[in-house]
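Each chain, letter by letter, is given below.
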Amino acid sequence: MTRSFFSTSPTSPSPRSNLPRGKACMSCRRRKIKCDGRKPVCSQCLRSPGTADDCEYPLEGRSRTQQLEETIKKLQTRIGELEASANDQSSILLHEPYDGTDSASSFVGLDIPPYTESWSSQPVIDIHVSPSPTSRVNTPTSASSSSTLVLEEPPPDMMERLVDTFLNNFTHVGFFLDPSSFRQSALLPFQFGHYDRPSPALLSVVYMWGSRLSHAPRHTVYNEDAFLVCTLQNIHQDLGGNHPHRVIHAIQAEVLLSLYYLTLGRPVEGIYHSSAAVSLAISANLHLIKSPHHLVVDQPCFGVLESNFSPPAHAREECERINAFWTAVIVTNYWVAAHGSPSALPYRDTPIDTPWPHDVEDYVSIAGGMSPPTSYSTQSPEYSQHIFDNGGGTIAKFLAGLNVDGYSSLAMLAKASILLERAITFSTRYPSDHGSSPAFDSLDVLLEQFLLNLPLGLELNGTDSTRRNLMVIQTLAQVAIIRLHASRIHTSNVSRSKYLSAARAVVHLINSSDFSNWNSPHVDPILGILWTTVGEVFIGELSNIQQQQSFGVDYGVEARLAQQHHELTSCLETILSTMRTFATSSPLIDYFSSRVDVAHRAILNINSGSPAHSVGQAAY
């Protein structure tokens, strides 16, 4: 039987309605169920919790629900057009993620032109699929409701290979579902779109990642680009369906898409999908799991989320919901670091009471009556009132110095990403040194405490995944210190010392890691951004040393400067070498390693007396 990637309707036909065509209420139409046409509320909507308010009949013109749905469809089409136009650009423009700081007094060593749409130098992708009269897709980002790709689901052996490749090699933060349960459901011998399998968009994006991570030759039909088109076309359709896990699976698909675009260095699409994941998580009240203030209130969801979540059936399901929220937080903070755009999570207006995530094993233990890990507190009362503006309990307590929970790898990643987001937000709001401030001091103390209190278990556990996550956690925190102190390095010796020490700590972390023993040549793409920041620190310091040497100094000072120059050059070369190692698997890391390399060679040319070219004028 042909299994189309766009045949997502239930396998059994719906019963024939006795109502005249077009007379069913809008809610029953969306859910594709029989409607008796009773007014003001039909029987189906009365029986289904949370849908009575959505029972509308299009008596005169379009109903409010129809208007909203049409508006959403137009916006989605417009997004597809903008994504398609992004692929047509012939020049590559790079956004300075730290725009707003004084370049003369900051750590930025690259003369970077203003942003627009792409860091990646990849050409427009032409997708070749099996002949079909409805295959009208030219690029993976131009998919919309007006272009439909018909593609049968891969054969069972290829499905298994793609899923296993993804689960074994996807080493980034981002996959929050239970791997064994996902694999079991993904490989069930049911039709694409069957409710016992993952949603169509989620399956498509996993196939896409599996194809990307695979070392097998590119398949002429079932390849990364074709699966991307299928994902983009299914992602909007799934939420309007009846899949029992459509919301969680949609969040997972959006997260994986956002990380995919981060890997490719495409901020327009990446930020869009990251924001979609956060919006879905907030709409589903995943930020209020176990909240003492959570009141179940029916909210208009524009025909997408027709009712609140039912209580989790077991500990694993609750674990996935909690992990879904924090993973969305991490990914949106990644984009804050990569792009400098405001966070998609409205901290000021959104109470966040969902507990920090645990590993699945911890949830099972807690469900069985065992106690969670021992808590610790690093409260700094004199700073707590300055660190956070309003907000809910979990993040607010953490930013106030009350670390009462959160020891899992995912929890530490979430905390580190929040600290970096806060540091970037502070440095953007106060780009110049205005002297000591309570908010600055609070965040500075919190960063020191976070690094000092990293659980030893993260370092002693020698699994490949844990070592990778630990590298990301520590690098995020060290770069947060760099960002926080960057504007003060010329006015404060303390800030300058912390700034340089953080950069050297990242180099030490790299030197302590044996990448040859890692199971996969892929790394979390955010490391490309973080390593670039560290590289800019060393480029700026080398430039300062060369300026001092050009003025002429006595022998003792010259010797000291030469030693510093040698040490900083060694650090910069370590950063560059590491970025080149992983550049082949990430266009983003490849692009930024090239930028840092150009700046490095420019410094070498200046030092040797050769003419140097402006880094900002380098063509890519």
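Structural data are supplied above this passage.
Below, the structure is looked at part by part. If you're wondering where the values come from, they're calculated on a predicted model, not measured in any experiment. (Residues numbered from 1 in each chain as written. Predicted model: local features only at pLDDT ≥ 70, side-chain atom pairs only at ≥ 80, totals over all residues. Heavy atoms only, no water.)

## Structural notes on the pattern of salt bridges
- Counted under the stated rule, the structure contains 17 salt bridges.
- A salt bridge links Asp164 to Arg183, with the shortest nitrogen-to-oxygen separation between them at 2.6 Å. Residue Asp164 is found in helix H4 (residues 156-169), and its partner Arg183 is found in helix H5 (residues 179-186); the two are separated by 19 residues along the sequence. (Salt bridge = Lys/Arg side-chain N within 4 Å of Asp/Glu carboxyl O. Helix = DSSP H or I, 4+ residues; strand = E, 2+ residues; numbered from the N terminus.)

## Quick word on the packing of aromatic side chains
- Applying the stated criterion to the full structure yields 15 aromatic pairs.
- Taken together, a centroid distance of 5.7 Å and an interplanar angle of 70° make the contact between Tyr260 and Tyr261 edge-to-face. Each member of the pair Tyr260 and Tyr261 is classed as buried.
- Consider the rings of Trp326 and Trp356, whose centres lie 4.4 Å apart with planes at 25°: the pair is stacked. Of the two residues, Trp326 is situated in helix H10 (residues 315-339) and Trp356 in the loop between H10 and helix H11 (360-367); the sequence distance between them amounts to 30 residues. (Phe/Tyr/Trp six-rings, centres within 6.5 Å; stacked < 30°, edge-to-face > 60°. Buried < 20%, exposed > 50% of the residue type's maximum accessible area, 1.4 Å probe, protein only.)

## What to know about unusual backbone geometry
- Unlike most non-glycine residues, Lys32 shows phi in positive territory, near 55°.
- Although it is not a glycine, Asn285 sits at a positive phi angle of roughly 60°.
- Looking at the element boundaries, Asn285 is found in the loop between helix H9 (267-283) and H10.

## What about the packing of H4 against helix H6 (residues 200-213)?
- One way to put it is that H4 packs onto H6 with a least axis distance of 8 Å and a crossing angle of 75°. One way to sum up the angle between H4 and H6 is to call them roughly perpendicular. Counting all contacts with H4, which are made through Met159, Leu162, Val163, Thr165, Phe166 and Asn169, the residues of H6 involved are Val206, Tyr207, Trp209, Gly210, Ser211 and Leu213.
- Tallied by class, the residues present in the contact of H4 with H6 amount to eight nonpolar, four polar and no charged. (Axes fitted to C-alpha atoms, helices over the stretch in contact; angles between N-to-C directions. Parallel < 35°, antiparallel > 145°, perpendicular 65-115°, else oblique. Contact = heavy atoms within 4.5 Å. Nonpolar A, V, L, I, M, F, W, Y, C, P; charged D, E, K, R; others polar.)

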